[in-house]
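Residue strings, one per chain:
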Amino acid sequence: MDTLFSTAFEHLPNPTLIIAGDRQVSFANKAAITTFGAIIGKDLALTFRHPNILNAVDKTLASGSTETGELSIPGPLAQVFELHTISIFETPASQCVLLLLEDKTKVARSEEMRVDFVANASHELRSPLSAILGFIETLQGPASDDEQARTRFLGIMGREAERMNRLIDDLLHLSRVEMDEHVRPKGHVDIANTIQNVFDLLETRATSKSMKLKLVGSDQPSSIKGDGDQLNQVFRNLIENAVHYGNPDTAIEVTIEQRNNPPNELKNGISVHIKDCSNGIEKQHIPRLTERFYRIDSARTRLENNAQISTGLGLAIVKHIINRHRGRLKIESEIGVGSTFSIFLPKE
Ligand SMILES: Nc1ncnc2c1ncn2[C@@H]1O[C@H](COP(=O)(O)OP(=O)(O)OP(=O)(O)O)[C@@H](O)[C@H]1O
Ligand SMILES: [Mg+2]
């Protein structure tokens, strides 16, 4: 191939291949080798065991047509590519196919997440709504004269309506946080004060489970650049979870740690560790906890939570707020011992 073209193809960001008439890979650029390994000289059918790519190449070889299609490569990290084949002539006698692949994995993944999100949100709204509609029907019909049933059903309907209200509030909140995610916060927040305010708010709930809330390291200055309301929400969600999922008669320990010249982070900052004593979280759930609506055992959470109404959005909100602050969230847990949710927030 002309060296000018081969240099240009070599540096294209997308996987680019040339397939000879016998279906052998005669050229693969850097992006193609990084993605698919050493494929030069190999048979296309052995490299990509996918009918779409073979059909497209065969058609182009046979008729010179330009083909497009989709190539999905299964695996633990499935990849999706859009493929284009173009007929080219290496020599007047030998026809080849230029195969261009465009990585659509991210687009496909975000589309999948959007569809999941709409399905989850509708499902979460539909269950309390069906309950309310069911009770309205009962109150209009068989229980219309039953005073006792009326009071009880109205109580349940109130709680279900509250659940829908909370879900909508959290969804709106989440979308606002996502919208501002690229705008750096301008205010200044005292972390120790914020945590103390959250403690005051949750004191009664903790006491009702005979739990103690302990704050360690609040004697050091802990002011950082951030959004006060949002950071309040972060600590509230994390400490609320610790109270809710922690065992009765235990202590929740919140430690503020100064991180000056930290080894891994580029900036100085503050870490906060929220440690609870509970049954712990199994390893496979940990990476998924910050997904919207993800609950470990949704049926159990919902039953236990009847009074408190869980939405499964708390940690998703926490993650987006921490991203906006250019911070990090780390979750560690040991079965039968408890969990520690640690966040790092840069000072500036
Ligand atoms: N400290 C914890 N210990 C054990 N499990 C936890 C803890 N924090 C969160 N989880 C698990 O992670 C799931 C997601 O938490 P998240 O805060 O996002 O939602 P939630 O608490 O169910 O609802 P809410 O929107 O009311 O916060 C919870 O349902 C629970 O299963
Ligand atoms: Mg929660």
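Model, not experiment: these values are computed from the prediction.

Asker: So what's going on with the overall build of the chain? Residues and values would help.
Answerer: Helix and strand counts for the chain come out as 10 helices and 12 strands. Taking 348 residues into account, the globule formula puts the C-alpha radius of gyration at 20 Å, and the chain, at 28 Å, lies well above it. With the C-alpha coordinates of the chain rotated into their principal frame, the extents come out at 90 × 65 × 40 Å. Put simply, the chain has 348 residues, and 38% of those count as buried. Sequence separation of at least 24 residues holds for 61% of the intrachain contacts in the chain that already meet a minimum separation of 6.

Asker: Which residues make up the nonpolar core, and what values go with them?
Answerer: Of all hydrophobic cores here, the largest spans 45 residues; its most connected members are Ile191, Ile195, Phe235, Ile239, Val272 and Ile274. Among the secondary structure elements, those contributing two or more residues to this core are helix 6 (147-179), helix 7 (191-208), helix 8 (228-245), strand 9 (251-259), strand 10 (269-275), helix 10 (314-324) and strand 12 (338-346). With near-sequence residues (within four places) excluded, Ile195 lies in contact with Leu215, Phe235, Ile239, Val254, Ile256 and Val272.

Asker: I'd love a proper account of unusual backbone geometry, names of residues and values included.
Answerer: Of note in the backbone geometry, Ser210 takes a positive phi value of approximately 55 degrees without being a glycine. Take Ser210: it is sitting in the loop between helix 7 and strand 7 (212-216). By relative accessible area, Ser210 is classed as partly exposed at 42%.

Asker: Can you tell me about the packing of aromatic side chains, naming the residues and giving the values?
Answerer: Geometrically, a pair of aromatic rings is defined through the distance of the ring centres and the angle of the planes. Summed over all chains, the structure comprises five aromatic pairs. With centroids separated by 4.8 Å and ring planes inclined at 80 degrees, the aromatic side chains of Phe36 and Phe48 adopt a geometry described as edge-to-face. Highlighted residues: Phe36 in helix 2 (residues 30-36) and Phe48 in the loop between helix 3 (44-47) and helix 4 (51-63), separated in sequence by 12 residues. Across the pair, exposure class does not vary: Phe36 and Phe48 are buried alike. Among the aromatic residues, ring-to-ring pairing joins Phe36, Phe48 and Phe81 into one connected group. Residue placement shows Arg292 over the ring face of Phe117; its charged tip is 4.4 Å from the ring centre.

Asker: Let's hear about the packing of helix 5 (residues 105-140) against helix 6: which residues, and what values?
Answerer: One can describe the packing of helix 5 onto helix 6 by two numbers: an axis separation of 9 Å at closest approach and a directional angle of 160 degrees. With respect to their mutual orientation, helix 5 and helix 6 come out roughly antiparallel. Crossing angle aside, the handedness with which helix 5 passes helix 6 is left-handed. Every residue of helix 6 that contacts helix 5 at Phe117, Ala121, Glu124, Leu125, Pro128, Leu129, Ala131, Ile132, Phe135, Ile136, Thr138 and Leu139 is listed here: Arg150, Phe153, Leu154, Ile156, Met157, Glu160, Ala161, Arg163, Met164, Leu167, Ile168 and Leu171. Of the residues in the contact of helix 5 with helix 6, the class split is 19 nonpolar, one polar and four charged.

Asker: So what's going on with the domain arrangement of the chain? Which residues, and what values?
Answerer: Once the domains are mapped, the chain shows domain 1 (3-103), domain 2 (105-179) and domain 3 (185-348). Measuring from the centre of the C-alpha atoms in domain 1 to the corresponding centre in domain 2 gives 49 Å.

Cut-off values and rules
- Residues numbered from 1 in each chain as written.
- Chains lettered and ligands numbered in written order.
- Predicted model: local features only at pLDDT ≥ 70, side-chain atom pairs only at ≥ 80, totals over all residues.
- Heavy atoms only, no water.
- Helix = DSSP H or I, 4+ residues; strand = E, 2+ residues; numbered from the N terminus.
- Rg over C-alpha atoms; globule rule 2.2 N^0.38 Å.
- Buried < 20%, exposed > 50% of the residue type's maximum accessible area, 1.4 Å probe, protein only.
- Contact = heavy atoms within 4.5 Å.
- Core = buried A, V, L, I, M, F, W, Y, C linked by side-chain atoms within 4.5 Å.
- Phe/Tyr/Trp six-rings, centres within 6.5 Å; stacked < 30°, edge-to-face > 60°.
- Lys NZ or Arg CZ within 6 Å of the ring centre and 35° of its normal.
- Axes fitted to C-alpha atoms, helices over the stretch in contact; angles between N-to-C directions.
- Parallel < 35°, antiparallel > 145°, perpendicular 65-115°, else oblique.
- Left-handed = near helix turned anticlockwise from the far one by under 90°.
- Nonpolar A, V, L, I, M, F, W, Y, C, P; charged D, E, K, R; others polar.
- Domains from an automatic or database assignment.

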